[in-house]
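# Structure at a glance
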Amino acid sequence: MPRAGLSPESITEAGAKLADELGLSQLSMMTLAERLGVKAPSLYKHVGGLADLSHRIAILATAEVGELLGRAIEGRSGKDALSCAAHALRAFVLKCPGRYAAMNEALSAGPDDPLEPARERALRSLAAALRGYRLHPADEIHALRMIRSSLHGFATLESSGGFQLGTDVDTSFSRMIDFIDRGLRLSSTQSD
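The chain has the name WHG domain-containing protein in an unreviewed UniProt entry, where Candidatus Nesterenkonia stercoripullorum is given as its organism.

### Side note on the overall build of the chain
Check the secondary structure of the chain and you find nine helices and zero strands. Going from N to C terminus, the chain has its helices and strands arranged as α-α-α-α-α-α-α-α-α. The buried share of the chain, taken over its 192 residues, is 40%. Pairs at least 24 apart in sequence give 68% of the contacts found in the chain among residues at least 6 apart. Accessible surface for the chain amounts to roughly 10,500 Å². Of this, 55% is attributable to carbon and sulfur atoms. Of the charged side chains in the chain, 22 are positive and 23 negative, and the gap between their average positions amounts to 2 Å.

### Some points on helix α7 (residues 115-130)
Along its 16 residues, α7 runs 23 Å from first to last C-alpha, staying within 8% of the 22 Å computed at 1.5 Å per residue. Turning to α7, its buried residues are Leu115, Ala118, Ala122, Ser125, Leu126, Ala127, Ala128, Ala129 and Leu130.

### What about the packing of helix α4 (residues 50-73) against helix α6 (residues 97-105)?
Interhelical geometry of α4 versus α6 gives an angle of 105° and a closest axis separation of 8 Å. When the axes of α4 and α6 are compared, the pair comes out roughly perpendicular. Residues Ser54, Ile57, Ala58, Leu60, Ala61, Thr62, Glu64 and Val65 of α4 pack against Arg99, Ala102 and Met103 of α6. Partitioning the contact of α4 with α6 into residue classes produces seven nonpolar, two polar and two charged.

### Comments concerning the pattern of salt bridges
All chains considered together, the criterion is met by twelve salt bridges. Salt-bridge contacts for Arg99 lead to Asp20; the nearest nitrogen and oxygen are separated by 2.7 Å. You can see Arg99 sitting in helix α6 and its partner Asp20 sitting in helix α1 (residues 8-22), a full 79 residues away along the chain. Here the two residues Arg99 and Asp20 agree in accessibility, since each one is buried. As a salt-bridge pair, Arg35 and Glu21 come within 2.9 Å of each other at their nearest N and O atoms. Separated by 14 residues along the polypeptide, Arg35 in helix α2 (residues 29-36) and Glu21 in helix α1 bring together distant segments of the chain. You can call Arg35 partly exposed: its relative accessible area is 44%. When salt bridges that share partners are traced, they join Glu13, Asp20, Glu64 and Arg99 into one network.

### Some thoughts on the packing of aromatic side chains
A complete count under the given rule lists two aromatic pairs for this structure. Where Phe154 meets Phe163, the ring centres are 4.8 Å apart and the plane angle is 45°; that geometry is what we call tilted. For Phe163, a relative accessible area of 32% corresponds to the partly exposed category.

### Comments concerning the nonpolar core
Generally speaking, a soluble globular protein has its nonpolar side chains buried in company with each other. Judged by nonpolar contacts, the single largest core of 33 residues is most densely connected at Val65, Leu82, Leu130, Ile147, Leu151, Phe173 and Leu184. Among the elements of the structure, α4, α5 (78-95), α6, α7, α8 (137-159) and α9 (169-191) are those that each provide at least two residues to this core. Looking at this core element by element, the count peaks at seven residues for α5. Discounting chain neighbours no more than four positions away, the residues touching Val65 are Leu89, Phe92, Met103 and Ala122. Counting residues in each nonpolar core, the second largest holds 22 residues, with Ile11, Leu32, Ala106 and Leu115 among its members.

### Thoughts on the side chain of Thr12
Looking at the secondary structure, you find Thr12 in helix α1. If sequence neighbours within four positions are ignored, Thr12 has contacts with Leu53, Arg56, Ile57 and Leu60.

About the cut-offs
- Residues numbered from 1 in each chain as written.
- Predicted model: local features only at pLDDT ≥ 70, side-chain atom pairs only at ≥ 80, totals over all residues.
- Heavy atoms only, no water.
- Helix = DSSP H or I, 4+ residues; strand = E, 2+ residues; numbered from the N terminus.
- Buried < 20%, exposed > 50% of the residue type's maximum accessible area, 1.4 Å probe, protein only.
- Contact = heavy atoms within 4.5 Å.
- Areas by Shrake-Rupley, 256 points an atom, 1.4 Å probe, with all protein chains shown as cover.
- Lys, Arg positive; Asp, Glu negative; His and termini not counted.
- Charge placed at Lys NZ, Arg CZ, Asp CG, Glu CD.
- Expected span 1.5 Å × (residues − 1).
- Axes fitted to C-alpha atoms, helices over the stretch in contact; angles between N-to-C directions.
- Parallel < 35°, antiparallel > 145°, perpendicular 65-115°, else oblique.
- Nonpolar A, V, L, I, M, F, W, Y, C, P; charged D, E, K, R; others polar.
- Salt bridge = Lys/Arg side-chain N within 4 Å of Asp/Glu carboxyl O.
- Phe/Tyr/Trp six-rings, centres within 6.5 Å; stacked < 30°, edge-to-face > 60°.
- Core = buried A, V, L, I, M, F, W, Y, C linked by side-chain atoms within 4.5 Å.

The structure is reproduced here in structure tokens:
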């Protein structure tokens, strides 16, 4: 019989918090069980093991990012939307590195996987940030990949302490957004 108070959702949330604290690679069912004050077999009544838990954390994180990006860009366009989305994603990576790692490592189990609508929502939110640039539809996916790669690289390097030089990291981030904005504006004029 499942232990009172435990559910797939509560275990996923606790696992996500623990992954953020320790790092996704340090998350284990034993460590999570200790955190929750139960024995590890109690968790298996609600989740199918560590791989299932990591996938559930990825779904949670992807949904959180989609919601976060949607709120960040609401009522904004152009560089303002891009900047707000970029800052929101950077803040999420720095605050929730375990969730973010799970999100990036997750593979879809197919069209019925709850990860799919969560990813679609996050992608739609990021794509909405580009609308003010009036990109040709064929260029949009390339722009999304470029933005995601740039933001991912910057935020994960920052999160892991990869920026050791004395130059202000916030200034570097702002300049990166400026470069992306100029490139997107140039692409939109070339598409006309």
